[in-house]
Amino acid sequence: MGNKAKNKKLTPTQIEYQSFAQAHEPARPVVKNVIRAFFVGGAICLFGQFIQNFFMTYFNFTEKTAGNPTVAVLVIISVLLTGFGVYDKIAQYAGAGTAVPVTGFANSIASAAMEHRSEGLVLGVGGKMFKLAGSVIVFGVFAAFVIGLIKWAWSAIGGMS
């Protein structure tokens, strides 16, 4: 129904062109894209698990304490791969598979920082690197606050902690 509303504003020639373009548009390989995203995203997560196991085995971290250095290493690797242009090639191949939260977030910040470095360190890099990731930070902090309130309320009424 929304498509008809759009077509009412178009001339008959524009409508004809749209139908022509849609008929000649190549089909999207959805299944292939899903499989690629699954395996590349899984490989990134598997690599993160190897890093976490490394910290637990060689540095005697617990499973809980090994999480922070694991995330830091994944962020550093993602930023380096973004800087060298490798992460973009992986993302082009895997699509959503590279949007695994930590690595995708690091990539979005590093890409924006690199794109705006010509505008200076403060207004360019500092001001624009959170352009895409700012909403993630805001909603992440808000969600953590709400979950903290729920946990506090649950423990205050005698629930399990």
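Residues numbered from 1 in each chain as written. Predicted model: local features only at pLDDT ≥ 70, side-chain atom pairs only at ≥ 80, totals over all residues. Heavy atoms only, no water.

Engineer: Which residues make up the overall build of the protein chain, and what values do they have?
Structural biologist: Secondary structure summary: the protein chain contains eight helices and zero strands in total. Start at the N end of the protein chain and walk to the C end: the helices and strands fall as α-α-α-α-α-α-α-α. In terms of overall size, the protein chain is more extended than a compact globule, its C-alpha atoms giving a radius of gyration of 22 Å where 161 residues would be expected to give roughly 15 Å. Projected onto its principal axes, the C-alpha coordinates of the protein chain cover approximately 70 × 50 × 40 Å. (Helix = DSSP H or I, 4+ residues; strand = E, 2+ residues; numbered from the N terminus. Rg over C-alpha atoms; globule rule 2.2 N^0.38 Å.)

Engineer: Run through helix α3 (residues 30-58), naming residues and quoting values.
Structural biologist: Between its terminal C-alpha atoms α3 stretches 42 Å, which fits the 42 Å expected from 29 residues at 1.5 Å a residue. Buried residues along α3 sit in contact with α4 (67-83), α5 (86-94) and α6 (101-115). One or two steps after α3, the chain reaches N60, where phi turns positive at roughly 55°. (Expected span 1.5 Å × (residues − 1). Contact = heavy atoms within 4.5 Å.)

Engineer: How would you explain the packing of aromatic side chains if you had to name every residue and give the values?
Structural biologist: Enumeration over the complete set of coordinates arrives at seven aromatic pairs. With a centroid separation of 5.2 Å and an interplanar angle of 80°, the aromatic rings of F38 and F39 are classed as edge-to-face. Note on accessibility: F38 and F39 belong to one class, exposed. A ring pair is formed by F55 and F59, whose centres lie 5.8 Å apart and whose planes are at 40°; its orientation type is tilted. Taking the relative accessible area as the measure of exposure, F59 reaches 48% and is therefore partly exposed. An aromatic cluster is present here, built from F54, F55, Y58, F59 and F61 joined pairwise through their rings. (Phe/Tyr/Trp six-rings, centres within 6.5 Å; stacked < 30°, edge-to-face > 60°. Buried < 20%, exposed > 50% of the residue type's maximum accessible area, 1.4 Å probe, protein only.)

Engineer: Run through the nonpolar core, naming residues and quoting values.
Structural biologist: Here is a general trend for soluble globular proteins: nonpolar side chains tend to be buried in one another's company. Formed by I109, A113, V125, M129 and A133, the largest nonpolar core amounts to five residues. Apart from residues no more than four positions distant in its own chain, A113 is found in contact with V125 and M129. (Core = buried A, V, L, I, M, F, W, Y, C linked by side-chain atoms within 4.5 Å.)

Engineer: Could you give me a rundown of unusual backbone geometry, with the residues and numbers involved?
Structural biologist: Most peptide bonds are trans, and most residues other than glycine sit at a negative phi. The phi dihedral of N60 falls on the positive side, at around 55°, and the residue is not glycine. Looking at the element boundaries, N60 is found in the loop between α3 and α4.

Engineer: With reference to specific residues and values, describe the environment of H116.
Structural biologist: Position of H116 among the secondary structure elements: in the loop between α6 and α7 (121-128). For the pair formed by H116 and M129, sequence separation is 13 residues and the distance between their alpha carbons is 7.7 Å. Those residues within four positions of H116 in sequence are excluded, and the remaining contacts are G124, V125 and K128.

Engineer: Lay out helix α8 (residues 134-156) with the relevant residues and their values.
Structural biologist: Helix length check: α8 (23 residues) gives 33 Å between terminal C-alpha atoms against 33 Å at 1.5 Å per residue, within 8%. Looking one or two places after α8, you find G158, whose phi comes out positive at around 95°.

Engineer: Can you lay out the packing of α3 against α4 for me, pointing to particular residues and giving the numbers?
Structural biologist: It is at 9 Å that the axes of α3 and α4 come closest, and there the two elements cross at 135°. In terms of axis orientation, α3 runs oblique to α4. In the crossing of α3 with α4, the sense of the turn from one axis to the other is right-handed. Contacts from F47, G48, I51, Q52 and F55 in α3 reach G67, P69, T70, V73, L74 and I77 in α4. When its residues are assigned to classes, the contact of α3 with α4 shows seven nonpolar, four polar and no charged. (Axes fitted to C-alpha atoms, helices over the stretch in contact; angles between N-to-C directions. Parallel < 35°, antiparallel > 145°, perpendicular 65-115°, else oblique. Left-handed = near helix turned anticlockwise from the far one by under 90°. Nonpolar A, V, L, I, M, F, W, Y, C, P; charged D, E, K, R; others polar.)

Engineer: Go over the side chain of T82 with me, naming the residues and quoting the values.
Structural biologist: Secondary-structure assignment places T82 in helix α4. Judged by its relative accessible area of 2%, T82 falls in the buried class. Within polar-contact distance, the side chain of T82 engages the backbone oxygen of S78 at 2.8 Å. If near-sequence neighbours (up to four positions away) are discounted, T82 is found in contact with Y87, N107, A110, S111 and M114. (Polar contact = N/O pair within 3.5 Å; in protein donor to acceptor, adjacent residues only side chain to side chain.)

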